[in-house]
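Take a look at the letters that make up each chain.
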Amino acid sequence: MQYDTVDAVTFGRSLRGLGINLLVQDAQRSIAFLTEVFGMTAHQPTRDFAILTYGDAVFQIHADATYHAHPLPSLLPESGPRGGGVELRLYGCDPDAAAARAEAAGGLILQGATDKPHGLREAVILDPDGFAWVPGRAL
């Protein structure tokens, strides 16, 4: 699928399995953070939306304002992290390099790159909306 040119209806009808859509305060800020820190590719980025890819994974981000008629925004915290209890894991992503880029891009290093007993080296990085991204590589 050509994510840069696909129309909304065709894209929506193509989705299968588990889908992730993150509601963010500032879509342009999130797009910049995710592409700069993790090397994701943003497709059709606008002020309010983007399709993002990382390897074979595809997900979306929407600015809060695009969900004005949806019940979900009423549950969002007014401050603090939005993604408490959820880790968004990026396998094959160098945690040392991502952590080094994250601070400059406005992220918070919750846990620096660490060798874990399950055979991965990982970091935990909060993006500006408070979502926890875990870049990891096999040891």
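Throughout what follows, the structure given in this document is the object of discussion.

The rules behind these values
Residues numbered from 1 in each chain as written. Predicted model: local features only at pLDDT ≥ 70, side-chain atom pairs only at ≥ 80, totals over all residues. Heavy atoms only, no water. Phe/Tyr/Trp six-rings, centres within 6.5 Å; stacked < 30°, edge-to-face > 60°. Helix = DSSP H or I, 4+ residues; strand = E, 2+ residues; numbered from the N terminus. Buried < 20%, exposed > 50% of the residue type's maximum accessible area, 1.4 Å probe, protein only. Contact = heavy atoms within 4.5 Å. Pairing = 2+ DSSP bridges. Axes fitted to C-alpha atoms, helices over the stretch in contact; angles between N-to-C directions.

Inspection of the entire model under this criterion finds 4 aromatic pairs. Where Tyr3 meets Phe11, the ring centres are 6.1 Å apart and the plane angle is 85°; that geometry is what we call edge-to-face. Of the aromatic side chains, those joined through ring pairs into one cluster are Phe33, Phe38, Phe59 and Trp133.

Before going further, it helps to examine the environment of Phe33. The residue Phe33 is located in helix H2 (residues 27–38) in this model. On the accessibility criterion, Phe33 (2% relative accessible area) is buried. For the pair Phe33 and Arg101, spaced 68 residues apart in the sequence, the C-alpha separation amounts to 9.2 Å. Residues contacting Phe33, with those up to four places away along its chain left out, are Phe38, Ala102, Ala105, Gly106, Gly107, Ile125, Leu126, Asp127 and Pro128.

Moving on, we get to the sheet that holds strand E5 (residues 87–91). Across the sheet, 4 strands lie side by side as E5-E8-E7-E6; this open sheet has mixed pairing. Looking along the sheet, the strands with just one partner apiece sit at the ends: E5 and strand E6 (108–115). For this sheet, the mean inter-axis angle between neighbouring strands, taken without regard to orientation, is 15°. Contacts from helix H3 (residues 95–104) reach E6, strand E7 (120–126) and strand E8 (132–138), with the element oriented near 15° to E7.

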